[in-house]
Structure formats: C-alpha cells, structure tokens
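What follows is each chain in one-letter form.
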Amino acid sequence: MAITTAGGREYYTDAHAFTVPDSYADLSSLAKGRVKGILHTDTDAVTYKFPSGAEIIISAAASQIVPLVPKQIKHNADANSTYYALY
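Next up on the list: the environment of Ala 25. Along the polypeptide, Ala 25 turns up in strand E3 (residues 25-26). Take Ala 25: its relative accessible area is 15%, and that puts it in the buried class. Along the backbone, Ala 25 and Ile 73 are 48 residues apart, and their C-alpha atoms lie at a distance of 5.7 Å. What Ala 25 contacts, discounting residues up to four positions off in sequence, is Leu 30, Lys 71, Gln 72 and Ile 73.

Set out below in structure tokens:
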C-alpha cells in the first residue's frame, strides 16, 4: 500500500526515534508509551503486523506520518532504518 497522504486531526506532543529491524519486533519494545502514529523517514516498505495476525505492507512517502499502530513491525529490506514513534 503506497501512502502519500494521511488524514486525521491527531495532535503529537513528543517523538522517539527507533530502528526498524528486518525481522519482526514488538513495537512496544522499540518505542515506549502509547504510540499514536509512526513517521516514516524513507520510502522503504515495512510490514505492520496486528494482534489479529493481519499483515499490511506499507510504502509511505518520505517524511510521511502513518496513523496506524501495529503490534509488530519489520523492515522489508536487509538494511535497518530509523523511524519515529509519535506520542
């Protein structure tokens, strides 16, 4: 799913940088607290895995906020990338 805009009226008061590994990791171990969205810093594809087991591959535009918060996340390339959890 390519995202170029993300709607919503969320208000963010803090951000925390984290590295998305190339294998699934719990978002709660990468980012602390109640995450409201994720800022993608590049256009690389990442997979969001939700508690139901549903997996969504997202290729966001660079510097794009995705207002989805998965249970687990992984980078779909061999390299790790830095993203930002928004609070």
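We now examine the side chain of Thr 47. With respect to the secondary-structure elements, Thr 47 resides in strand E5 (residues 46-49). According to the relative accessible area criterion, Thr 47 is buried, its value standing at 4%. Of note is the side chain of Thr 47, whose polar atom sits 2.9 Å from the side chain of Asn 76. When sequence neighbours within four positions are dropped, the list of residues in contact with Thr 47 reads Tyr 24, Glu 55, Ile 56, Ile 57, Gln 72, Ile 73, Lys 74 and Asn 76.

Confidence along the protein chain averages 88 in pLDDT terms, with 90% of residues attaining 70 or more. The element-level mean pLDDT for the protein chain is lowest in strand E1 (residues 2-3), coming to 56, with E5 highest at 96.

What follows deals with the nonpolar core. Counting 18 residues, the largest nonpolar core has Phe 18, Leu 27, Ala 31, Val 35, Ile 38, Tyr 48 and Ile 73 as its most contacted members. Breaking this core down by element, the ones donating at least two residues are strand E2 (15-20), helix H1 (27-30), E5, strand E6 (55-60) and strand E9 (81-86). With sequence-adjacent residues up to four places away left out, Ile 73 is seen in contact with Val 20, Ser 23, Tyr 24, Ala 25, Leu 27, Leu 30, Ile 38, Thr 47 and Tyr 48.

Evaluation of the coordinates by the stated rule reveals one aromatic pair. Above the face of the Tyr 24 ring, Lys 49 is positioned so that its terminal group lies 5.1 Å from the ring centre.

Rules behind the numbers
- Residues numbered from 1 in each chain as written.
- Predicted model: local features only at pLDDT ≥ 70, side-chain atom pairs only at ≥ 80, totals over all residues.
- Heavy atoms only, no water.
- Helix = DSSP H or I, 4+ residues; strand = E, 2+ residues; numbered from the N terminus.
- Buried < 20%, exposed > 50% of the residue type's maximum accessible area, 1.4 Å probe, protein only.
- Contact = heavy atoms within 4.5 Å.
- Polar contact = N/O pair within 3.5 Å; in protein donor to acceptor, adjacent residues only side chain to side chain.
- pLDDT = per-residue confidence, 0-100.
- Core = buried A, V, L, I, M, F, W, Y, C linked by side-chain atoms within 4.5 Å.
- Phe/Tyr/Trp six-rings, centres within 6.5 Å; stacked < 30°, edge-to-face > 60°.
- Lys NZ or Arg CZ within 6 Å of the ring centre and 35° of its normal.

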